[in-house]
Structure formats: C-alpha cells, structure tokens
Amino acid sequence: MDKFEKLQGIAAPMPLVNIDTDMIIPKVFLKTIKRSGLGVNLFDEMRYDRQGNELPEFVLNKPQYRNTEILVAGDNFGCGSSREHAPWAIKDFGIKCVISTSFADIFFNNCFKNGILPIVLPQEQVDMLMTDAEKGENARMTVDLEAQEITTSDGDVIAFEVDAFKKHCLLNGLDDIGLTLEKSASIDAFEAKAGQERPWV
Amino acid sequence: MSPKTLYDKIWDAHVAHEAEDGTSLLYIDRHLVHEVTSPQAFEGLRMAGRKVHAPDKTIAVPDHNVPTTPGRENPEQMTEDSRIQVAALDKNAKEFGIHYYPVSDIRQGIVHIVGPEQGWTLPGMTVVCGDSHTATHGAFGALAHGIGTSEVEHVLATQTLIQKKSKNMKVEITGKLKPGVTAKDITLAVIGETGTAGGTGYVIEYCGEAIRDLSMEGRMTVCNMAIEGGARAGLIAPDENTFEYVKGRPHAPKGAQWEAALNWWKTLYTDEDAHFDKVVTLKGEDIQPVVTWGTSPEDVLPITAVVPSPEDFEGGKVEAAARALEYMGLTPGQKLTDIEVDTVFIGSCTNGRIEDLRAVADVVKGKKIKEGMRAMIVPGSGLVRMQAEEEGLAEIFKEAGFEWRLAGCSMCLAMNPDQLSEGERCAATSNRNFEGRQGYKGRTHLVSPAMAAAAALTGKLTDVRELM
C-alpha cells in the first residue's frame, strides 16, 4: 500500500450531505475485475452528461480543481454500498484525503486500506476548511499525518484525531494481511478452542 | 461479572487476539461471497500465493449481475463485463475450493437469502460479506456486517477481521403494529427517526414486543436496513421463532450438536441492566405505512403526508432536499398519494422472501395491475420461487399482470438488464432510493411489499389500508 505522510495540495469543496457510494462510483463501473482505472468515472453521473461530455458546473471539472488532492465534503460521506470501488476511484483520480463531519463506517475503513486518509472534524472546522477550499487552486492545504495537523492556506492550524493503529499502518504503508499473519498462532489457538466449544460452526 | 449486551457476548466469543489499544482480530464463522466485490480479493490471494484459510466456512453465489429472465443460462443475456465477472466467480470458487451455488443451481439466489435458507447463518455467529446488506443475518442474533474488498481478501486469507468494538445502541419498538403496517415500515420509520448517519459507529439491537412478534422473514427485513441507518450491524436476540426456522436446514447442526448449539444459543440475550450508549424507542401503534419521497432512505414519511419543502429542514439537509425534489420531480405540498408510478419492483434482499410474496398475493389476488404498468416480482432465491409456485402465488401474480422472474438482485441496483430508464418512477421494495440507483435518472420510492402491490393496482403511491 502507498504510504501517507504529509500532503500539500488543492482542496475541493463538496458541501452536499449524504454523498453515497452510488454517487461516488455508479454501479455500471463495478463490473471490473481490476482495482485500477476508475478515476475517470469518479462521480460519473454528477460529472458528465449522458453523452460523456463534462458538466462545467461540477466542482472537479472546474479548471482550478482539476488537480484536487483533498476533498472537503458534507456530512455522512460514503454512505450506502460497501463497494471499495469508491475509494479506488477516489485514489485513482488523485485524491488522497477526505475531510468531513462524519463518514459511513465501511467507507471509512476502506479508505485506510487504500492509502487514503479520512479526517473527521467538528462542523465549525469543516465549515472553515470548506471556505478555504472555495478559494480554488490558490488555497493549498497541508495535511500532516505524523503531527495530526491540517494547515490552511492562511496558515491556520487545525488538529485532528486518528486511530493510532490505522495511523501507523498509513504512515508505513503496511499490508494488513501480512500483519495479521504474524499472529497466526493466536488464530490457530482460537480455532482449536472454538472448535471444542462450538463444534457445529 | 458486569451485565452484557447481546453484541458484547458475541464479540467476546470471537476475539482471537486483542492489542492494548483494543484493536482486535475478530474470528469470522461464515464468509459469504458474491461476484462483484470478490474478484480483486481472489486476485490478491493469487498474487501473494495465499490460500483460502477456511474454505469450508466460505460460501459463494452470483447474484448482482445475473439476468432474471428465462433462458439466462445463455451467456448472450449478459453484457460482456457481467459475463466476465460471473465467470471469474465460477473459476475462483472452483480453484479455491469454496462452497458454491452457480446460476444453474435451484438454490442460487441473493446471497443474504441463500445463507439463512441453507442454514449457513446460525445464532451467535460472526458473518461477513463484501456487501453492506450483510446486516440481514443479524435477524438470527448473528453479528453480521458488510466489508470492503480488501477486507474480503483479509478474511479469505486469515478468517479474521481487524476490528475495534462498536458502541451499543438499542432500538425498541413497543406494543403491537396496526393492520397494514409491516417490518419494512418499522425499519424505514426508524431511519426516518435517526437519520442515515444516526447509527454510525454503533451496532443496533432491535427489541420490544413488535420485534418479537415478527416472523424471521420480517426480522431479516428490519436488520437488512440497519446499514441504511448508518449501523454496520443490526441484531435481534434469537428465540423459539429463530430455532424453529433454523432447525432441519441443510447446514444447521443435527442430533447431539443441535442440543449443544441450542444450549448456547439460549444464552444469547442482553442481560438486564446492560449498558447501551444510545436508546431509541418507537411505539408500534404510531408507525404507519411509509414511503420515501427523496433520494436518501431517511427521506421517509407516512403515506398520508405531503411532499415536504426544503425549508422544513436545517443545515446541509436544505440543499440536499432541494436537490432531491428536483431529481424526483416533485413539488412541495403535493400529496404523496397523488404521485403516479409507472414501474413496480418487488424483490431484493430486503423483501424477496416467501412471506413478502404472500403479502403481495393477498393484495393483488383476483385483480389486475394498472394498464401500462411495468411490474415485476423477482424472488430472492430459486427455492423461494419454487415455494411460491407450489403455493399458487405465481399464478396469482401472472393473472394480475406481473412479470414472474428468476432469482437475483435485479432492479434493486440494476447491474443486470433490469433497470429504470430516465425519468421513470418506481415503487420498490428494495433498500436504496439513491440517485441513479435503479437506473440513470430513475426515480425510486421505497415501500413495503403490500404497498408496492397496492401501487401496481392503482398506478399511484397508495395507502394499502384502503384496499384491505
């Protein structure tokens, strides 16, 4: 997995609440058997008309947001389906950090598995970052995972919380399966014990 | 020992390893797999030279892409990419030696209907699937939640999931339901109350007399939509209804093992005075047949209400409501019962079980659907379809003018050829009314099976109580 350490980049505002994973990546693109190549279809139905032409009013189609790396989003981002195609599409587009007041659980977890940092902040701070993001390409935010700090284009600093284990994995680009397999003895012991207690499973 | 919730008990029984910060390896008893969220996971195993850790606890079935029309064995019925995805599951199931129900098998169906039907889902288990509606299995008192594809690969390789414990939330539905009100109305009413993020970070336990009174099918409907309220999992404590449903199923324990299992299952309830971090209580008698008007499952109103206005909301929801009204083509103040529909979809992991089909038959028996209406009934599994035919339900549906389909996810998410066209409006028994969910620019109103049946007859969203 790609490491996430420190990121300085353009932030785009998407204040709409309840942006679901069907919006992030519509089902027609779930028929792939690969993880890559979904960025072009990120937010497809909001981003293009039926003929595939870009809709100029959509935020990521505006010239100043074409190289967005940080998304500042409305509440409950990533709700709905468990499709990991959503974070795959986000990552493939080039976005590495999403900031909101809350995320749906499955999407939140899926982000960490793909080197994307989801950050939860109180409403006032998300509002402040949303305003900053609206400045376009002149507003380059900095997200420092090690220090757990976001610095706005005006130099304001906002601290954020992140689970220590998830932070460790992101900073070092660690593969979960490899880490778990180091604990194989515990899994084997559990299976032996559970097999005695609940043999019908 | 301090009192425990049902969730605490199942969690404690499955922790294979716990780190100091509470990050745990949760052992997984059943891993369900479908064709859409698994190909990349199997490919990951292959690349790393890994095997499936517990193939005997891993069950796969194609459901999302498969056509539901006769002759679907003919691959021409699928688009090229759908065909590739289903073929990939065929290949992976064989190569990795997991249980498999291919399209040609009578037992094939929606993964969340097949699991319980075959007795794979049992009380007290941990169940996962790369699908958010895995919450369905919570109806058995199993801790069941959806996972992403990386987690699918993790479970395939290790039979565990890296987890931190969620918080406990109690949703109590007291008293009795009024006639015409169903499990679907309960679960939608709860989401209307809590919002789609209200359950984020929680595991919900549903309880109370109205929940106890539900059949297993109804309980599955309630738990199925826990995810629409933001909760990864919903639970209902197992009871005699549960044991009766499970007994004799192909993969349920038998003989002495059944007795041993039953003894443990009977300990699976929330202790008196156990702590819940959040409690929501609704009176069963207050719940009415409901319908969604917008593009989020929280946009719920009783069928007797009118379309709301964006000014009725606060904060970010004002803009979202305005956008939803435009998308749905609705005007504030319009009566919900004046909304005309051209399509009715009955099926899905929410409402594709035998009891749902019986409820539809009760409403439409001896009647005809509205002229020009496109109405389809898609049973949740081949066995549900067979049972409905044996009970004479299929004849009732066909005589009324419904299309009687083969099993699959179908128009719930429209990955197969069953889709809405631009501007079409559907009364659907499925679980999501998101923009584009049932087809590009298609409009979805979520309802119970009885309400969907009523809409098919009248051509409008209809209060089913008026037809009873």
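Keep in mind that this is a model prediction, so the values were computed, not measured. (Residues numbered from 1 in each chain as written. Chains lettered and ligands numbered in written order. Predicted model: local features only at pLDDT ≥ 70, side-chain atom pairs only at ≥ 80, totals over all residues. Heavy atoms only, no water.)

**Q** Looking at this structure, how should I read unusual backbone geometry?
**A** Excluding glycine, residues mostly have negative phi values, and the peptide bonds linking residues are mostly trans. Residues and elements named next belong to chain B. Although it is not a glycine, Ala414 sits at a positive phi angle of roughly 55 degrees. Here Ala414 is to be found in the loop between strand E17 (403-404) and strand E18 (425-428). According to the relative accessible area criterion, Ala414 is buried, its value standing at 1%. At Lys441, a residue that is not glycine, the phi angle is positive and equals roughly 60 degrees. Within the secondary structure, Lys441 sits in the loop between E18 and strand E19 (443-446). (Helix = DSSP H or I, 4+ residues; strand = E, 2+ residues; numbered from the N terminus. Buried < 20%, exposed > 50% of the residue type's maximum accessible area, 1.4 Å probe, protein only.)

**Q** How should the packing of aromatic side chains be read in this particular structure?
**A** What the rule picks out here adds up to 17 aromatic pairs over all chains. Here Phe103 of chain A and Phe107 of chain A contribute two aromatic rings whose centre-to-centre distance is 6.3 Å and whose plane-to-plane angle is 15 degrees, an arrangement assigned as stacked. The exposure classification of Phe103 of chain A matches that of Phe107 of chain A, with both residues buried. Ring geometry for Phe140 of chain B and Tyr245 of chain B: centres 5.4 Å apart, planes at 65 degrees, overall edge-to-face. Of this pair, Phe140 of chain B sits in the loop between strand E6 (126-129) and strand E7 (143-146) while Tyr245 of chain B is found in helix H9 (residues 240-246), placing the two residues 105 residues apart along the sequence. Like Phe140 of chain B, the residue Tyr245 of chain B is buried in the burial classification. Every member of this aromatic cluster is reached through a ring pair, and the members are Phe77, Phe103, Phe107, Phe108 and Phe112 of chain A. The ring of Phe112 of chain A has Lys166 of chain A sitting right over it, with the charged end atom 5.6 Å from the ring centre. In this structure, Arg249 of chain B packs its charged tip against the face of Tyr245 of chain B, placed 3.9 Å from the ring centre. (Phe/Tyr/Trp six-rings, centres within 6.5 Å; stacked < 30°, edge-to-face > 60°. Lys NZ or Arg CZ within 6 Å of the ring centre and 35° of its normal.)

**Q** Where do I start with the sheet that holds strand E1 (residues 15-18) of chain B in this structure?
**A** Backbone hydrogen bonds are what pair the strands of a sheet, in a parallel or an antiparallel way. All names here are of chain B. Taken together, three strands build an open sheet; the order of strands is E1-E2-E8 and the sheet is antiparallel. Only two strands of the sheet have a single partner each, and these edge strands are E1 and strand E8 (160-163). Each strand axis lies, on average, 20 degrees off the axis of its neighbour in the sheet, ignoring direction. (Pairing = 2+ DSSP bridges. Axes fitted to C-alpha atoms, helices over the stretch in contact; angles between N-to-C directions.)

Such coordinate-based values are descriptive only and should not be taken to indicate function.
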